[in-house]
Amino acid sequence: MIITKYKIEQVKCQEYEKYWPGRYPYQHQAAVFSNWNSQRNFLVTTKTGSGKTVAAAFPIVVYEESAVFLYPTNALVEDQEKSIANMLTEMNYPYYSYKAETDFDRNLYEQARFILLKIDATNLEHFRRLMHKPSKGKALKDLFSQPKPILLLTNPDTLFYILTFFYAHSGELLGYLQKFNSVVLDEFHLYAGIELAHILFMLEYFKFLGIFHRTVLLSATPDKEVKQLLDVLINPVEITSDTKTGFPVINWRTSTHEIKFVYDMEMGNVVEQAISIVKKMLPELHNMVPTVNEVPLVVIFNSVIDAIYFEDLLIKDLNISVDQIGSYRGLVGKEARTVKNKLIVVGTSAIEVGIDFDCRYLIFEASDRASFLQRIGRIGRHRPGSAFLVYGREHGQEVDAFSELPESVERDSFEKVIEQIFEGRDSLAWFVRTEGGIITVSALVYRLVLSVANERQATKEQRKFIQKKLDDLLQAYCEKINATNFLPKVRRYFKRIKDLKWLQVYLNTMSFRAGSKNVKVYDIREKNIGRELGAAYEADLQKVLSRGSIISCSFEKRNGYKIVVNGYTTFKKISVLVNVRDNEMCLFKTTKEVPEILFLKGNSGISELAGYFRQQEQLFVIVPASIEPYLDWRISCYPCNIGYIAFGGGAFLLRELCKRFLNI
């Protein structure tokens, strides 16, 4: 099947040229700029590679605003930092990029009109040490107090920790956030389930706190339920590629070249399918010369485990050298993530957004609409190419829908088919309106209530006033999303919090994301094959357990677990042995309320991290094994001796799945 190239209109806009000489914006870029001062909220839904970031960043720079840019992955933060820096350079706007790993340059700083500041967990700690501050909150306070406009690029976790008062000086940080006029949420469609519930409530929370007077969402077309939620919460003006501005069209630029799409592979193991494809193209690949900008083949899997296994097979079975393979996945430290001069780049979701590849071939796996469109969007940006879809047996019926398309199909028609195939599987937007969804956002409010209650300088009347305002905020939010039926019960939970150990533990451990716990890893194999810079990283506990050749593990009260591994071996199914009674099924518990929770590894018995939860207390829930057909790779849970178990925020989602599909 051939997906035809896609062209996009460029227009002549004198205001754009005034600030960016020689620049002819796309219709949607001109539309955002023209409406910037008359609208508060925007939803920009255009195709991959169409310049959505520029659409938001250009007016922010022109009007010299401070803004926060939120990205769902750190890989995207790194990539978009370069994109915004390039835009500032082309516009002749001097900027200073604040970096923890480089010395401060007073001369460049004083010349700059903008401060470009990238924050994630790692470099925030670097900033704290460099600035000799006692806490991350104090470091953030000093960074935010810059007198120049700041373009802050970060992930939602940082903002979430400020809003939930996890950082010291969070109250003062909220004051400094008022200097940021706009918040831009890129790749908004990637938020699902608990993350979606958090981000939607944060939009309402921003208004309550008086921060971010303008919200810009950059997204693929959201599903209907998400769009309804956005309409009632912020009512954004939607701007698409088809939005007309009235400016004269002077050019049609090809944003996506022609793509040959191959989907009729034999169903089964996705790694074996991918290896079979590579074998056939191997002679051609060896005749290609990778460069700094061009990668002949990009391969994307859902699972880090599959990505590692695929790399091992490339080396062992196809004699591809380690130096020819670029790894861009969660188990590789960012220092070692490189695509330059690589014959094959292998990645997971970390690679699917923002990274601008010039590749000829793409092999990819996808289980939902958003990841499918993002991943196929990695090819065709600079030249025609070929994309191969690999998939397991569970997706056979869905993929059959492609056979109904003609041999040549326009991009718009193709994307509509993708929406139909994966309809209802993307955002888990229904969770937002559930009891679990309301508990998670109520916890965010409750942490602020606790902070106010512990404020020594506040009077009793002031505390009551703030608590009443926060309760009104939660009431208004639930009314808007039509979830008030759960609010009385959730309020009773928080009134009884002293008696509810599970709720206390959740409040102390809650995070923006619902995934399982990350642990610090040192990988001897990465060091031995010449990737010493990438040998130390953080990885998902579940992934380390299932594939890691664990040599040792240690626990520090301040830093948690540190695990030493010697690479990753054949996948072993991880299960959990937990001692609970049958009548405790679907009830929230904490890991220290049960006699023991043990991680079991395949047939090899107890895992090296069997006693993990003796040190790391977590909320958990166990549900019946019959929930299995409704699980997918995005839902972090483990099989256990009596069903499935999920920890932390994932417990809320797993419990609501049971209510929704099993009527439990």
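Scroll up to find the structure this text is about.
Overview of the structure. (Residues numbered from 1 in each chain as written. Predicted model: local features only at pLDDT ≥ 70, side-chain atom pairs only at ≥ 80, totals over all residues. Heavy atoms only, no water.)

**Side note on the sheet that holds strand β8 (residues 180-185)**
The strands making up a sheet are joined through hydrogen bonds of the backbone, oriented either antiparallel or parallel. What the eight strands build is an open sheet, ordered β5-β6-β7-β4-β8-β9-β3-β10; its pairing is parallel. Edge positions in the sheet fall to β5 (95-98) and β10 (237-240), since each has one partner strand and no second. Across this sheet, the average inter-strand angle for adjacent strands is 15 degrees, counted without regard to direction. Judged from the five bridges that link them, strand β4 (residues 66-70) and β8 form a sheet pairing that is parallel. Opposite alanine 67, over in β8, you have serine 182 as the bridge partner. Packing against the sheet, helix α6 (residues 121-130) makes contact with β5 and β6 (114-119), and its axis sits at approximately 115 degrees to β6. (Pairing = 2+ DSSP bridges. Helix = DSSP H or I, 4+ residues; strand = E, 2+ residues; numbered from the N terminus. Axes fitted to C-alpha atoms, helices over the stretch in contact; angles between N-to-C directions. Contact = heavy atoms within 4.5 Å.)

**Notes on the packing of aromatic side chains**
Here a ring pair, both rings aromatic, is described through the centre-centre distance and the interplanar angle of the planes. A full pass over the atoms with the stated rule returns 37 aromatic pairs. Each ring, one from tyrosine 446 and one from phenylalanine 494, has its centre 5.1 Å from the other, and the planes form 40 degrees; the classification is tilted. Remark: phenylalanine 494 occurs in helix α19 (residues 487-495) and tyrosine 446 occurs in helix α17 (residues 435-453); sequence separation between them is 48 residues. In this structure an aromatic cluster arises from ring pairing among Phe160, Tyr161, Tyr167, Phe188, Tyr191 and Phe512. (Phe/Tyr/Trp six-rings, centres within 6.5 Å; stacked < 30°, edge-to-face > 60°.)

**Some points on the sheet that holds strand β17 (residues 385-389)**
The strand order β14-β15-β13-β16-β17-β12-β1-β18 describes an open sheet built from eight strands, whose pairing is mixed. The strands lining the two open edges of the sheet, one partner per strand, are β14 (325-328) and β18 (408-409). Relative to β17, strand β16 (residues 358-364) is paired through four bridges, and the arrangement is parallel. The partner of tyrosine 361 across the bridge, within β17, is serine 386. Against the sheet, helix α14 (residues 369-376) makes contact with β1 (2-3), β12 (259-262), β13 (294-300), β16 and β17, and its axis sits at roughly 150 degrees relative to β16, the strand it touches most.

**A closer look at the pattern of salt bridges**
Using the criterion set out here, one finds 27 salt bridges in the structure. A salt bridge links glutamate 65 to arginine 214; its shortest N-O distance comes to 3.3 Å. Here the residue glutamate 65 occupies a position in the loop between α3 (52-62) and β4, and arginine 214 occupies one in strand β9 (residues 214-219), the gap between them amounting to 149 residues. Neither glutamate 65 nor arginine 214 differs from the other in exposure class; each is buried. Measuring nitrogen to oxygen at the nearest pair gives 3.5 Å for the salt bridge that ties glutamate 294 to arginine 383. (Salt bridge = Lys/Arg side-chain N within 4 Å of Asp/Glu carboxyl O. Buried < 20%, exposed > 50% of the residue type's maximum accessible area, 1.4 Å probe, protein only.)

**Details of the pairing of strand β7 (residues 150-154)**
Within β7, five of the five residues are buried, which leaves it mostly tucked inside the rest of the structure. Side chains of β7 alternate between two faces, with Ile150, Leu152 and Thr154 and Leu151 and Leu153 buried alike. Note that β4 and β7 share four bridges and pair parallel. Bridged to leucine 70 within β7 is threonine 154.

**Focus: the nonpolar core**
Core analysis: the largest hydrophobic core is formed by 103 residues, its most contacted members being Phe144, Phe188 and Leu200. Sorting elements by how many residues they give to this core places helix α10 (residues 193-209) first, with eleven residues. Contact partners of phenylalanine 188, with chain neighbours within four places excluded, come to Leu196, Ile199, Leu200, Leu217, Leu218, Ser219, Val226 and Leu230. Phe33, Ala57, Leu76 and Leu88 belong to the second-largest nonpolar core, a separate cluster that totals 36 residues. (Core = buried A, V, L, I, M, F, W, Y, C linked by side-chain atoms within 4.5 Å.)

**Description of the side chain of lysine 118**
The residue lysine 118 is located in strand β6 in this model. Take lysine 118: its relative accessible area is 13%, and that puts it in the buried class. In this structure lysine 118 touches Val77, Glu78, Glu81, Asn123, Phe127 and Leu153, once residues within four positions along its chain are discounted.

That is the geometry; function is a separate question.
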